[in-house]
Amino acid sequence: MAGAHDADATAARESTVLPTGSPLLVWLAAGAVLLALEAGALAAFVVGILADFLATAVELAGVASAAAPVVDALEGARSVAESVPTLLSRETIPNEGYWNGQRYVGTFLGLEPAFAWTIRVILVYVYAFAWAGWAVLGYRLYRREIRDIAWTPRDDMVDRFRSHTWGLFGLAVVFMFVVMAVFAPALGPTTVDKNMRNSYSHEITYWNAETGSVETALVGDANLDSQSTGTQSRVLPFSYDDYDRYHPFGTLPTGRDLFTFIAAGSRISLVIGVLSVGLSVLLAGSLALTAAYYKGRVDLGLVLVSDAVMAMPQLLLLIMLTTVLADTWVGGIYSGAFVLALILAGTGWTYMWRSVRGPALQVSERQWVDAARSFGQKPRVIMRRHMLPYITGYLLIYGSMTLGGAIIAIAGLSFLGLGVSPPTPEWGRAINLGQDYVTTGSWHISLIPGLLITVVVTGFNALGDGIRDAIDPQSDAEGGDAAGRGGGA
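Along every chain, residues carry numbers that run from 1 in the direction the sequence is written. Given that the model is predicted, a residue must reach a pLDDT of at least 70 before its local features are reported, and side-chain atom pairs must reach 80 or more before they are shown or counted; all residues, however, enter totals for whole chains, interfaces and linings. Hydrogens are left out, water is left out, and the side-chain values use all remaining heavy atoms of the structure.

1. Some thoughts on the overall build of the chain
Okay, so step 1: Strands here mean DSSP runs of E at least two residues long; helices mean DSSP runs of H or I at least four residues long; both are numbered from the N terminus. Each helix and strand in the chain was counted, giving 21 helices and six strands.
Okay, so step 2: For the chain, buried positions account for 42% of its 489 residues.
Okay, so step 3: In what follows, residue pairs with any heavy atoms lying within 4.5 Å of each other are defined as contacts. Taking the contacts inside the chain whose residues are at least 6 apart along the sequence as the reference set, 69% of them involve residues at least 24 apart. Each residue is assigned to one of three classes by its accessible area relative to the maximum for its type, calculated with a 1.4 Å probe on protein chains only: buried under 20%, partly exposed between the two thresholds, exposed over 50%.

Shown next, in the form of structure tokens:
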């Protein structure tokens, strides 16, 4: 019987391989091709992070002169990496051009700027979905061709999530948001440097209908003529300004492109959210395992500390700390994003710790934990090997839900003029800029980022619900309220 079972398993495995003798090599080759299409952008991103980190460290250490050659070398490497052509760059598929009286000049294939921009956006998301398909194919390849055992409990969790409509909706929303953040420089119809940072250092060419000729103007002057400040002066979504520039979401009261502002702001929100939630997960998980393992006074002490932190008015604490630390060296890292992430993690870990403390206490009573103690394993090893795997799912659930709350907190602080310092774009600041024009013809300034915040936060909560139900099918009946409270953190 065993031989027949092995033969059936071998036949099933052979029926699932790709049409080649080496499916793993085909999968790796496909990944290499996808990576090569955007290798220049990836290299520029990595080198840019290293350069910014080193510049900050040099400034803090006060050794600018000694480290200047290294910083200059990294900046040069970033320039070289940015010059490498990529498939999805605005240089390959440009949308910024002008009408010369007969046709468009400077745009992709001479198309209208709106069409050229739409093609680039579609290709970006097609490329992102190709990576997603590659990852799914890799999981299936591992599950069917590489893994020795035919089934694990993880397979049931994946299958349950695949049939969870609400969770799949959340995954789709989160995926679209992450793609916007990662590919923000390519998605915007213009660049952040032109749009808001150095607008008077760049020129644009446009068709002057009054004179019937092609002329040039500074981007800053063109922005002043493209302001959305009411019914008489506005540039609505999916329209052009007087300088032949296409604005998918219209313009701000300053005349800057709203879509570029939102795309760049999504990266800020994602970085702060992921960093703050990651720190909260690390802190909450470590403390929950420590409290569950030692119990007694250690657990009581952590309960008192968490109660003290939770008793503080979180909003007032956020406002106070962001104001106090705004002018310090910590507040200057990434335009205040780093200090904001630290504050959110320092004030939000208690809710997540409360949520995972119960499961950690349950796991600590299991027989295998007592057996590990009896064999003399160190507490650190026991917590990592025998306890952590059983609370990881809860950390994923509450982490995904808390990320939505972090995005709301970031937007709220930016709306109040705190947190991320201008001119760095952030969604809450766009809502603040448009609040005086909600009842006028420039309604789009506040409405569009407000809707996006609502959709993204709903997506993260839906993803958390899907993960929760996939890990524990009985969670709706037994732990739904607790999950909701954890997400509210």
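Next comes the rest of the description.
2. Here's the deal with unusual backbone geometry
Okay, so step 1: Although it is not a glycine, Phe 238 sits at a positive phi angle of roughly 60°.
Okay, so step 2: In this model, Lys 295 sits at a positive phi of 55°, which is unusual for a non-glycine residue.
Okay, so step 3: Counting through the fold element by element, Lys 295 comes out in the loop between α11 (258-294) and α12 (296-311).
Okay, so step 4: Overall, Lys 295 belongs to the partly exposed group, its relative accessible area being 25%.

3. Quick notes on the packing of aromatic side chains
Okay, so step 1: Whether two aromatic rings pair depends on their centres lying within 6.5 Å, for rings of Phe, Tyr and Trp, where Trp uses its six-membered ring; planes under 30 degrees apart make the pair stacked, over 60 edge-to-face, and the rest tilted. Per the counting criterion, the structure on display carries 17 aromatic pairs.
Okay, so step 2: The interplanar angle of 90° and the centroid separation of 6.0 Å between the aromatic rings of Tyr 127 and Phe 183 together place this pair among those described as edge-to-face. Highlighted residues: Tyr 127 in helix α5 (residues 113-146) and Phe 183 in the loop between α7 (165-182) and α8 (184-187), separated in sequence by 56 residues. Residue Tyr 127 shares its accessibility class with Phe 183, and that shared class is buried.
Okay, so step 3: Both rings, one in Phe 129 and one in Phe 175, keep their centres 4.9 Å apart while their planes meet at 50°; by these two values the pair is tilted. Of the two residues, Phe 129 is situated in helix α5 and Phe 175 in helix α7; the sequence distance between them amounts to 46 residues.
Okay, so step 4: The partly exposed category is assigned to Phe 129, whose relative accessible area is 47%.

4. Description of empty space enclosed by the protein
Okay, so step 1: Here a cavity means grid points, on a 1 Å grid over the protein atoms only, where a 1.4 Å probe fits yet cannot get out; a pocket means an open set of points with protein on both sides within 12 Å along at least five of seven lines; lining residues are those with an atom within 4 Å of a point. Grid points are joined across faces, edges and corners, and a volume is the space filled by probe spheres set on the points. This model, assessed by the stated rule, comprises one cavity of 30 Å³ or more.
Okay, so step 2: Estimated volume of the largest cavity: approximately 30 Å³.
Okay, so step 3: Every residue lining the largest cavity is listed: Val 309, Met 312, Gln 314, Leu 317, Thr 347 and Tyr 351.
Okay, so step 4: Secondary structure elements with two or more residues in the lining of the largest cavity: α13 (314-324) and α14 (337-364).

5. Thoughts on the packing of α12 against α14
Think of two packed helices as two axes; the pair is described by the angle between the axes and how far apart they sit.
Okay, so step 1: Orientation is described by axes fitted as lines to C-alpha atoms, over the contacting stretch for helices, and by angles from 0 to 180 degrees between their N-to-C directions. Between α12 and α14, whose axes approach to 9 Å, the crossing angle comes to 135°. Between α12 and α14, the crossing angle belongs to the class labelled oblique. For the element pair α12 and α14, the recorded crossing hand is left-handed. Contact residues: α12 offers Asp 299, Leu 302, Val 303, Val 305, Ser 306, Asp 307, Val 309 and Met 310, while α14 offers Gly 346, Thr 347, Trp 349, Thr 350, Tyr 351, Trp 353, Arg 354 and Arg 357.
Okay, so step 2: Residues were grouped as follows: Ala, Val, Leu, Ile, Met, Phe, Trp, Tyr, Cys and Pro as nonpolar; Asp, Glu, Lys and Arg as charged; and all remaining residues, including Gly, as polar. Tallied by class, the residues present in the contact of α12 with α14 amount to eight nonpolar, four polar and four charged. The scheme is simple: roughly parallel for angles under 35 degrees, roughly antiparallel for over 145, roughly perpendicular for 65 to 115, oblique for anything else. For any helix crossing, the convention is left-handed if the near helix is rotated counterclockwise from the far helix by under a right angle, and right-handed if that rotation is clockwise.

6. Notes on the layout of surface pockets
Okay, so step 1: Space inside the second largest pocket adds up to approximately 1,400 Å³.
Okay, so step 2: As for the second largest pocket, its lining consists of 39 residues, and the residues nearest its centre are Arg 154, Met 157, Val 158, Ala 470 and Ile 471.
Okay, so step 3: Mapped onto the lining of the second largest pocket, the elements with two or more residues apiece are α5, α6 (153-162), α7, α14, α17 (392-415) and α19 (444-471).
Okay, so step 4: With nine residues, the top contributor of residues to the lining of the second largest pocket is α6.
Okay, so step 5: Looking at the lining of the second largest pocket residue by residue, the class counts come to 25 nonpolar, four polar and 10 charged.

7. Comments concerning the confidence of the model for the chain
Okay, so step 1: Predictor confidence is given residue by residue as pLDDT, running from a minimum of 0 to a maximum of 100. In this model, the chain carries an average pLDDT of 83, and 88% of its residues clear a pLDDT of 70 or more.
Okay, so step 2: Predicted confidence is poor over residues 1-9, with pLDDT under 50, and the contacts of this stretch with residues over four places away or in other chains come to zero contacts.
Okay, so step 3: Segment residues 477-489: pLDDT under 50, and 14 contacts once partners within four positions in sequence are set aside and those in other chains are kept.

8. Considerations on the pairing of strand β3 (residues 203-208)
Okay, so step 1: Alternating positions in β3 separate cleanly, Ile 204, Tyr 206 and Asn 208 being buried on one face and Glu 203, Thr 205 and Trp 207 remaining unburied on the opposite face.
Okay, so step 2: When DSSP finds at least two bridges between two strands, those strands are taken to pair. Both β3 and strand β4 (residues 213-218) contribute to a ladder of six bridges, which runs antiparallel. Within β4, the residue paired with Glu 203 across the bridge is Leu 218.

9. Description of a positive patch on the surface
Okay, so step 1: Nonpolar side chains (Val, Leu, Ile, Met, Phe, Trp, Tyr) within 5 Å and like charges within 9 Å form the patches, drawn only from residues with over 30% relative accessible area and no salt bridge. Accessible areas in this description were obtained via Shrake-Rupley with a 1.4 Å probe; residue shielding takes into account the shown protein chains only. Should a side-chain nitrogen of Lys or Arg be within 4 Å of a carboxyl oxygen of Asp or Glu, the pair is scored as a salt bridge. Counted as positive: Lys and Arg. Counted as negative: Asp and Glu. His and the chain ends are not counted at all. Taken as the charge centre is NZ of Lys, CZ of Arg, CG of Asp or CD of Glu, depending on the residue. A cluster of basic residues, Lys 378, Arg 380, Arg 384 and Arg 385, forms a positive patch at the surface.
Okay, so step 2: With respect to the helices and strands, Arg 380 occurs in helix α16 (residues 379-387).

10. What to know about a nonpolar patch on the surface
Okay, so step 1: A cluster of nonpolar side chains, Leu 24, Leu 25, Leu 28, Tyr 142 and Ile 146, forms an exposed patch at the surface whose accessible area comes to about 460 Å².
Okay, so step 2: Taken together, the elements giving at least two residues each to the nonpolar patch come down to α2 (23-37) and α5.
Okay, so step 3: Counting residues per element, the nonpolar patch draws most heavily on α2, at three residues.
Okay, so step 4: The partly exposed category is assigned to Ile 146, whose relative accessible area is 42%.

11. Examining the packing of α11 against α16
Okay, so step 1: Where α11 contacts α16, the two axes come as close as 11 Å, and the packing angle between them is 110°. In terms of their interaxial angle, α11 and α16 are classed as roughly perpendicular. Taken as a pair, α11 and α16 cross one another with a handedness that is right-handed. For the pair formed by α11 and α16, the contact residues are Leu 289, Thr 290, Ala 292, Tyr 293 and Tyr 294 on the first element and Pro 379, Ile 382, Met 383 and Met 387 on the second.
Okay, so step 2: Residue classes in the contact of α11 with α16 are distributed as eight nonpolar, one polar and no charged.

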